[in-house]
Amino acid sequence: MDEKIPVTKSSMPPYEEYCREIASLWKNCWLTNAGEKHQQLLGQLQEMLRTPCVELFVNGHSALELGIEALELSGEVITTPYTFASTTHALVRNGLKPVFCDIKESDFTIDETKLEALITPDTSAILAVHVYGQPCNVERLEEIARAHGLKLIYDAAHAFGVQVNGRPISAYGDMSMFSFHATKVFHTIEGGALVYRDAVLGDRLRSLRNFGLVGEQVSVPGCNGKLTEFAAAMGLCNMRHLEESIARRKSAYQTYEAGLRDVPGIRPFRYISTESVVQNYAYYPLIVDDKVIVGGRDYLQQALESKQIFTRKYFFPLTSDFICYQDLAPSKSLPVAQYMSDHVLCLPMYADLTKEQVEHICGVIRRAAENS
Ligand SMILES: *Cc1c(COP(=O)(O)O)cnc(C)c1O
């Protein structure tokens, strides 16, 4: 009987460490609404991300949805279909129309060379995704946004800990959202953060997060997006182990890289930019060539599952193919995104994954590829 290997597994601090962290909550009985733990975590993030313009939220999606609301956009927003449902939902739930742009084969991020052709007089922003933690072409996107007077927003849910040119990834664009969901590189069980360029947005974001309250008055129909003290305490613990956790993911990545070299029909994941980027090793997506491996990605997924190794078709289907978005004007052709969505398979990736487990996974893949 093979041991079960899930596709992802939450990083847990030592049990005693979390108990110590939450002990003070029994003294002050302040459990949410920007308490002591929330303020501590916020301070650490402000330092790490090198800006005071950070706010915490109950989850990444709420952060993104409220962040977009705070920017007061209208009309159309150009975005990628190769992402998690949240990205597009955050636009549509703000009454905005998503316009899908294709992605690049090299790194799955939005194709900046195809983007300008989609800009119309109704376009108000670009919402790009640092998918799998790989940075978009931040410099070129900044130029395009400037030239056309568009806001530039990043779904950086996968990219916590990533740096570009010595700066935190959130230093680029008008706004970035990090998700601190249990399965992400750094987590607060559920949680998220926004980093924003224009300091004026701070009051609006804090108000939107707390029912629109400004003192006793209510200025906007806000939401409840507050992070609890228990979640913030988990974040404080996980922050102490972040560096080590990323280092362990990196060694899993390197073991995959070595183990999947020369497997016929498999294009292993490779980071393209190396020198200017500090990576976080968030995911390990493979491209499976169905011209070489009969049955392609789905066959490989089954073969792995029969050995108790669980993978995920991440991202399939494309957001543009969701039932709820079929009434949108049909997207222009999205050939690369479509291909990737039909051929990608994300392998297990988490800090606790051992070298032996990764070697075992690679062996199963190699045998499955050879026997197809
Ligand atoms: C996880 C994720 C989100 C949503 O974050 P939550 O914290 O789960 O709400 C948004 N976008 C992407 C790309 C994600 O992976």
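Read on for a plain summary of the structure. Quick caveat, the model's predicted, so the values are computed rather than measured. (Residues numbered from 1 in each chain as written. Predicted model: local features only at pLDDT ≥ 70, side-chain atom pairs only at ≥ 80, totals over all residues. Heavy atoms only, no water.)

**Re the packing of helix α1 (residues 15–22) against helix α9 (residues 229–240)**
In plain terms, the rule: Every axis in this analysis is a line fitted to C-alpha atoms, fitted for helices over the stretch in contact. Angles between the N-to-C directions lie between 0 and 180 degrees. Helix and strand assignments come from DSSP, with helices taken as H or I runs of at least 4 residues and strands as E runs of at least 2, each series counted from the N terminus. Here roughly perpendicular refers to angles of 65 to 115 degrees, roughly parallel to angles under 35, roughly antiparallel to angles over 145, and oblique to all remaining angles. The handedness criterion is simple: a crossing whose near helix is rotated anticlockwise from the far helix by less than a right angle is left-handed, and one whose near helix is rotated clockwise is right-handed. By definition, residues are in contact when any of their heavy atoms lie within 4.5 Å. Following the grouping adopted for this structure description, the nonpolar residues are Ala, Val, Leu, Ile, Met, Phe, Trp, Tyr, Cys and Pro, the charged ones are Asp, Glu, Lys and Arg, and the polar ones are all others, Gly among them.
Running from amino to carboxyl end, α1 crosses α9 at an angle of 130 degrees, the nearest separation of the two axes being 9 Å. Looking at the two axes, α1 sits oblique to α9. Pair α1 / α9 crosses with right-handed handedness. Here Glu17, Tyr18, Glu21 and Ile22 of α1 come into contact with α9, specifically with Phe230, Ala233, Met234, Leu236, Cys237 and Arg240. Taken together, the residues that form the contact of α1 with α9 break down as seven nonpolar, no polar and three charged.

**Concerning α9**
Under the convention used in this document: The span you would expect from a helix comes to 1.5 Å times its residue count less one. A 1.4 Å probe rolled over the protein chains alone gives each residue an accessible area, and that area as a share of the maximum for its type sets the label: buried under 20%, exposed over 50%, partly exposed in between.
If you check α9, its first and last C-alpha atoms are 17 Å apart, about what 12 residues at 1.5 Å a residue would give, namely 16 Å. Taken across its 12 residues, α9 has 10 buried, putting it largely inside the fold. All buried positions along α9 are accounted for by Glu229, Ala231, Ala232, Ala233, Met234, Gly235, Leu236, Cys237, Asn238 and Met239. Contact partners of the buried residues in α9: α1, α2 (25–28), α3 (36–48) and α10 (242–259).

**A short note on the nonpolar core**
As a rule of thumb, soluble globular proteins bury nonpolar side chains together. How we decide: We call a set of buried residues a nonpolar core when its members are Ala, Val, Leu, Ile, Met, Phe, Trp, Tyr or Cys and they connect through side-chain atoms within 4.5 Å of each other.
The biggest cluster of nonpolar side chains holds 93 residues, and the ones touching the most others in it are Tyr82, Phe108, Tyr132 and Ile365. Of the residues forming this core, the biggest block, seven residues, is contributed by helix α13 (residues 355–371). Among all residues touching Phe108, those that are not within four sequence positions of it are Tyr82, Ile103, Val131, Tyr132, Gln134, Phe269, Pro285, Ile287, Met340 and Val344. In terms of nonpolar packing, the next biggest core, distinct from the first, is built from 24 residues, Phe57, Leu66, Val77 and Ala157 among them.

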